[in-house]
Amino acid sequence: MQLGMIGLGRMGSNMVKRLLKAKQECVVYARHPEPVNALVKVGATGSTSLEDMVNKLDKPRSIWLMIPAASVDAEIAALANLLDEGDTIIDGGNSFYQDDIRRAAALTPKGIHYVDCGTSGGVWGLERGYCLMIGGEDKIVQHLDPIFAALAPGRGDIPRTPGRDKMGGTAEQGYLHCGPNGAGHFVKMVHNGIEYGLMAAYAEGFNVLHMADIGNINQAVNAETSPLRHPEYYKYTLNIPDIAEVWRRGSVVASWLLDLSAAALVNNDTLSNYTGRVSDSGEGRWTLAAAIDEGVPMPVLSAALYQRFASRGEADYSNKLLSAMRFQFGGHLEQNPDAHTGATTSTDAAGLTNKDKISEAKGVAKATDAATTAGKNTSTNPEDFQ
């Protein structure tokens, strides 16, 4: 079968390579010629523009978009002016499912079909295959089956679920027609929400293991630091890469995410090559919004999503205000996070020492008291209080 592919980043290029390996014909286009030229060398047909791609595809055409969600509407608008009735646009990125419903409705009067396809597999998809969650019209999805089958991983060596042999369908092959327009990206959205929670659980658990030697470290002794009451319980210097590895073998928490974590820890067990700034591309937010609309509790995802916000410094202002309130009502001083013995004098970014801050706080308190006293109504006439 013939397919046009727009967007030749890591996933798009690997998907083309997997399709070519399965003897599918691919016409490719990207804004920059380098990835196009690279795929031409392995058997794809290159194109220099959207119009050139459309002209090189046989009718009815099928064009797969593998581009950022923010770029999809503009690309569809451009394609809609070039395509004919009966052609199909497939969005294989991480679009919001409600956008799929809108796009399908907008294309219907032109006779252009729209399919949404949640695609999971990342940079490993070329080798492992891609898990595909598809939304669209039955007839169109069936027409595209050779493409989906070529991209999907197949049954592989995963043991068959008991009773699955009586159910039929393509789910065992790693791709599924989930429902009408939007259903594919809806299922992929929830998939990514679950992924957020799983990743956060692994990260939190490994952090507890990482800190299990805190009893060997001299603790700060001051009024601002909760004491470690039993340091003797936390004197384990654990081999984190080995723990990740042993959990891969027969453990109930074994998974591909754990496999990837183990690989990262073997390469650098301190993870010093990462800053800890964790992005989110929208699916977690959309899943949480859907849960709210449905009235479904989702505390794990909400915590995982907010943790990602905090990792990017988006909690800094609120944390500063918390610190400011503690200082204002009790003179509580911020502690040097790198010091294990309690320092009581420090200088902030504005050059203020803790002593300066105490004086400032006292001045604010006096001014507040004076303003409060001045504003009090000392009248004994009940009408003044109505």
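Residues numbered from 1 in each chain as written. Predicted model: local features only at pLDDT ≥ 70, side-chain atom pairs only at ≥ 80, totals over all residues. Heavy atoms only, no water.

**Topic: the overall build of the protein**
Defined as follows: Starting at the N terminus, helices and strands are each numbered in turn, a helix being any DSSP run of H or I of at least four residues and a strand any DSSP run of E of at least two. Categorising residues by exposure relies on relative accessible area from a 1.4 Å probe, with only protein chains included: less than 20% of the type maximum marks a residue as buried, more than 50% marks it as exposed, and the intermediate range marks it as partly exposed. Contacts were defined at the residue level, with two residues in contact if any of their heavy atoms lie within 4.5 Å. Only the protein chains shown count as cover for residues, and the accessible areas themselves come from Shrake-Rupley with a 1.4 Å probe.
In terms of regular secondary structure, the protein is built from 15 helices and eight strands. Counting only residues that meet the buried cut, the protein has 35% of its 386 residues in that class. Of all intrachain contacts in the protein linking residues separated by at least 6 positions in sequence, the fraction that spans at least 24 positions is 63%. Carbon and sulfur atoms form 56% of the exposed surface of the protein, whose accessible area is close to 23000 Å².

**Remarks on the nonpolar core**
Just so we agree on the cut-off: Residues enter a nonpolar core if they are buried and are Ala, Val, Leu, Ile, Met, Phe, Trp, Tyr or Cys, with the set joined through side-chain atoms within 4.5 Å.
Of all hydrophobic cores here, the largest spans 30 residues; its most connected members are Met5, Val16, Val28, Trp64 and Phe148. Discounting residues that sit within four places of it in the chain, Trp64 has contacts with Leu3, Gly4, Met5, Ile6, Met15, Ile90, Gly92, Cys117, Thr119, Ile147, Phe148 and Leu151. Within the second largest apolar cluster, 20 residues are counted, among which are Tyr29, Val72, Leu107 and Ile112.

**Things to note about the pattern of salt bridges**
The condition that has to hold: A pair is scored as a salt bridge if a Lys or Arg side-chain nitrogen falls within 4 Å of a carboxyl oxygen belonging to Asp or Glu.
Applying the stated criterion to the full structure yields 17 salt bridges. When the shortest N-O distance is used, the salt bridge between Arg103 and Asp73 registers 2.8 Å. With Arg103 in helix H5 (residues 97–107) and Asp73 in helix H4 (residues 69–80), this pair connects stretches of sequence that are 30 residues apart. Overall, Arg103 belongs to the buried group, its relative accessible area being 3%. For Glu245, the salt bridge is made with Arg248, and the minimal N-O distance between the two is 3.0 Å. Via salt bridges that share partners, Asp73, Asp91, Asp99, Asp100, Arg102 and Arg103 belong to a single interconnected network.

**Considerations on the packing of aromatic side chains**
Cut-off, in case you're wondering: Two aromatic rings, drawn from Phe, Tyr or Trp (for Trp, its six-membered ring), form a pair once their centres lie within 6.5 Å of each other, and the interplanar angle then sorts them: stacked below 30 degrees, edge-to-face above 60, tilted otherwise. We count a charge as sitting over a ring when the NZ of a lysine or the CZ of an arginine lies within 6 Å of the ring centre and within 35 degrees of the ring normal.
Enumeration over the complete set of coordinates arrives at eight aromatic pairs. A ring pair is formed by Phe96 and Tyr97, whose centres lie 5.2 Å apart and whose planes are at 80°; its orientation type is edge-to-face. When sorted by exposure, Phe96 lands in the same class as Tyr97, which is buried. Here Tyr306 and Phe309 contribute two aromatic rings whose centre-to-centre distance is 6.0 Å and whose plane-to-plane angle is 50°, an arrangement assigned as tilted. Of this pair, Tyr306 and Phe309 both sit in helix H13 (residues 299–311), three residues apart, which is roughly one turn of the helix. Through a chain of ring-to-ring contacts, three or more aromatic side chains come together here, namely Phe96, Tyr97, Phe186 and Trp286. The ring of Trp256 is capped by Arg128, whose NZ or CZ atom sits 4.1 Å from the centre of that ring.

**Considering the sheet that holds strand S2 (residues 25–29)**
What counts is decided by this rule: Any two strands between which DSSP finds at least two bridges are classified as paired. Between the N-to-C directions of two axes lies an angle of 0 to 180 degrees, each axis being a line fitted to C-alpha atoms and, for a helix, fitted only over the stretch in contact.
The mixed open sheet is built from eight strands, whose spatial order is S3-S2-S1-S4-S5-S6-S7-S8. Of all the strands in the sheet, just strand S3 (45–46) and strand S8 (175–179) have a single pairing partner and so form its edges. With five bridges joining them, strand S1 (residues 2–6) and S2 adopt parallel strand pairing. Counted as the bridge partner of Ile6 is Tyr29 from S2. Against the sheet, H5 contacts strand S5 (88–91) and strand S6 (113–120), and its axis sits at roughly 155° relative to S6.

**A look at helix H12 (residues 283–294)**
The following threshold applies: What a helix is expected to span follows from its residue count: subtract one and scale by 1.5 Å. The arc in question is the one spanned by the directions pointing from the helix axis to the C-beta atoms.
Over its twelve residues, H12 runs 16 Å from end to end, which matches the ideal 16 Å to within 8%, given 1.5 Å per residue. Taken together, the buried positions of H12 are occupied by Glu283, Gly284, Thr287, Leu288, Ala290 and Ala291. Seen along its axis, H12 keeps its buried residues to an arc of 160°; they face one direction. More than 90 degrees from the buried face of H12, the exposed residues found are Ile292 and Asp293.

**Considering the environment of Val115**
By secondary structure assignment, the location of Val115 is in strand S6. Along the chain, Val115 and Gly182 lie 67 residues apart, while their C-alpha atoms are 8.2 Å from each other. Those residues in contact with Val115 that sit more than four places away from it in its chain are Thr88, Ile89, Ile90, Asp91, Ile134, Gly135, Ile140, Leu144, Phe148 and Asn181.

**Focus: a nonpolar patch on the surface**
Short version of the rule: For patches, a residue must show more than 30% relative accessible area and have no salt bridge; joins then use 9 Å for like charges and 5 Å for nonpolar side chains, namely Val, Leu, Ile, Met, Phe, Trp and Tyr.
There is a patch of nonpolar side chains on the surface, built from Tyr317, Leu321, Leu322, Met325 and Phe329 and spanning about 610 Å² of accessible area. The topology assignment puts Leu321 in helix H14 (residues 316–330). By relative accessible area, Leu321 is classed as partly exposed at 44%.

**What to know about the pairing of strand S4 (residues 62–65)**
Going residue by residue along S4, you find Ser62 and Trp64 tucked away on one face and Ile63 and Leu65 tucked away on the opposite face as well. Where S1 and S4 come together, three bridges link them in parallel fashion. Within S4, the residue paired with Met5 across the bridge is Trp64. Where S4 lies against S5, four bridges are found, and the strand directions are parallel. Bridge pairing in S5 links Leu65 to Asp91.

**Examining the state of the cysteines**
To be explicit about the condition: When the sulfur atoms of two cysteines come within 2.5 Å, that pair is taken as a disulfide.
One pass over the full model with this rule turns up zero disulfides. Left unpaired, Cys131 is separated from the closest cysteine sulfur, that of Cys178, by 8.6 Å.

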